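Read off the chains here:
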Amino acid sequence: PGAEQADTTTVGFVWTPEFSFVDNFVLSVDYYDITVNDIIGSFSAQEILDSCYVLGSLADCAKIRRVNGDLQDDTAGVLLYTTNLAYEQAEGVEVGFSFGYDLGNWGGLSFSGNINKYLTQESQSSSTVPVIDCKGFYGTSCDPVSDVRWVQNSTWAWNDLSVNLQWRHISSVDVQTPE
């Protein structure tokens, strides 16, 4: 395969105001849009079968290995070669935050977190197949890609003792429906 090429756009800001009721407040918001062209991967078996039987591509028909006319034999199947696929795109918004409280003789509390929301998570293997949006889906063409992910940490620190609680959330994904 040839080299991949990425086009990346990111825009964001960090806000660090002074508040009297919290310590070290930080808020960051970032937008990202990453498109990788000529991504290295392989066509799915279904894409090769469709290209052969629907589009009549002899090159893809040659990747289907039948033994005695059957695909069920151990040496039969669809050959999946590593190659350059058309593109993959990820677009989203990420928010990060942190702040703390001084508890005097009882130490301090600190909180931090990160939230990621995908706006787009799509790919296309070639111009002969449809664009696949995998945001919130899993299936034969999609690895599980949740719509929203977040992690939040809460820490209480007192002298040499610290206790940390971490929460993680990954939103549910649905089965990809055929197009």
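Being a predicted model, the structure only gives us computed values, none of them experimental.

Counting secondary structure elements, the protein contains 2 helices and 11 strands. In terms of overall size, the protein is more extended than a compact globule, its C-alpha atoms giving a radius of gyration of 24 Å where 179 residues would be expected to give roughly 16 Å. Oriented by its inertia axes, the alpha-carbon framework of the protein measures out at about 80 × 35 × 30 Å. Taken over 179 residues, the protein has a buried fraction of 30%.

In this structure the tally under the stated criterion is 1 disulfide. The residue that forms a disulfide with cysteine 52 is cysteine 61, at a sulfur-sulfur distance of 1.9 Å. Its S-S torsion of approximately 100° makes the covalent link between cysteine 52 and cysteine 61 right-handed.

Within the structure shown, the criterion is met by 12 aromatic pairs. Ring centres of tryptophan 15 and phenylalanine 25 lie 5.9 Å apart, and the angle between their planes is 80°; on these two criteria the pair is classed as edge-to-face. In this pair, tryptophan 15 sits in strand E1 (residues 5-15) while phenylalanine 25 sits in strand E2 (residues 23-41), placing the two residues 10 residues apart along the sequence. Judged by relative accessible area, which is 43%, tryptophan 15 ranks as partly exposed.

In the structure shown here, the tally under the stated rule is 2 salt bridges. Two residues, lysine 63 and aspartate 60, come together in a salt bridge whose shortest N-O distance is 3.1 Å. An identical accessibility class is assigned to lysine 63 and aspartate 60; each is buried. Its salt-bridge partner being aspartate 147, residue lysine 117 comes within 2.8 Å of it at the nearest N-O pair.

This brings us to the nonpolar core. Membership of the largest hydrophobic core is limited to 8 residues, which are Val36, Ile39, Phe43, Ile48, Leu49, Cys52, Ile64 and Leu85. At the level of elements, E2 and helix H1 (45-53) are the ones that each hand at least two residues to this core. Counting residues in each nonpolar core, the second largest holds 7 residues, with Tyr32, Ala90, Tyr118 and Ile132 among its members.

This part is about the side chain of serine 126. By the secondary structure assignment, serine 126 is in the loop between strand E6 (108-124) and strand E7 (132-133). A relative accessible area of 16% means that serine 126 is categorised as buried. Within polar-contact distance, the side chain of serine 126 engages the side chain of threonine 128 at 2.8 Å. When sequence neighbours within four positions are dropped, the list of residues in contact with serine 126 reads Phe43 and Ala86.

A few words on the side chain of serine 171. Note that serine 171 resides in the loop between strand E10 (161-170) and strand E11 (174-175). In this structure the side chain of serine 171 is engaged in a polar contact, spanning 3.1 Å, whose partner is the backbone nitrogen of aspartate 147. In contact with serine 171, other than residues within four places in its own chain, are Ser146, Asp147 and Val148.

The next point concerns a nonpolar patch on the surface. On the surface, a nonpolar cluster with roughly 340 Å² of combined accessible area is contributed by Tyr53, Val54 and Leu55. Along the polypeptide, valine 54 turns up in the loop between H1 and helix H2 (58-61).

Here is what the cut-offs are and how they apply
Residues numbered from 1 in each chain as written. Predicted model: local features only at pLDDT ≥ 70, side-chain atom pairs only at ≥ 80, totals over all residues. Heavy atoms only, no water. Helix = DSSP H or I, 4+ residues; strand = E, 2+ residues; numbered from the N terminus. Rg over C-alpha atoms; globule rule 2.2 N^0.38 Å. Buried < 20%, exposed > 50% of the residue type's maximum accessible area, 1.4 Å probe, protein only. Disulfide = S-S within 2.5 Å. Phe/Tyr/Trp six-rings, centres within 6.5 Å; stacked < 30°, edge-to-face > 60°. Salt bridge = Lys/Arg side-chain N within 4 Å of Asp/Glu carboxyl O. Core = buried A, V, L, I, M, F, W, Y, C linked by side-chain atoms within 4.5 Å. Polar contact = N/O pair within 3.5 Å; in protein donor to acceptor, adjacent residues only side chain to side chain. Contact = heavy atoms within 4.5 Å. Patch = residues over 30% accessible without salt bridge, like charges linked within 9 Å, V, L, I, M, F, W, Y side chains within 5 Å. Areas by Shrake-Rupley, 256 points an atom, 1.4 Å probe, with all protein chains shown as cover.

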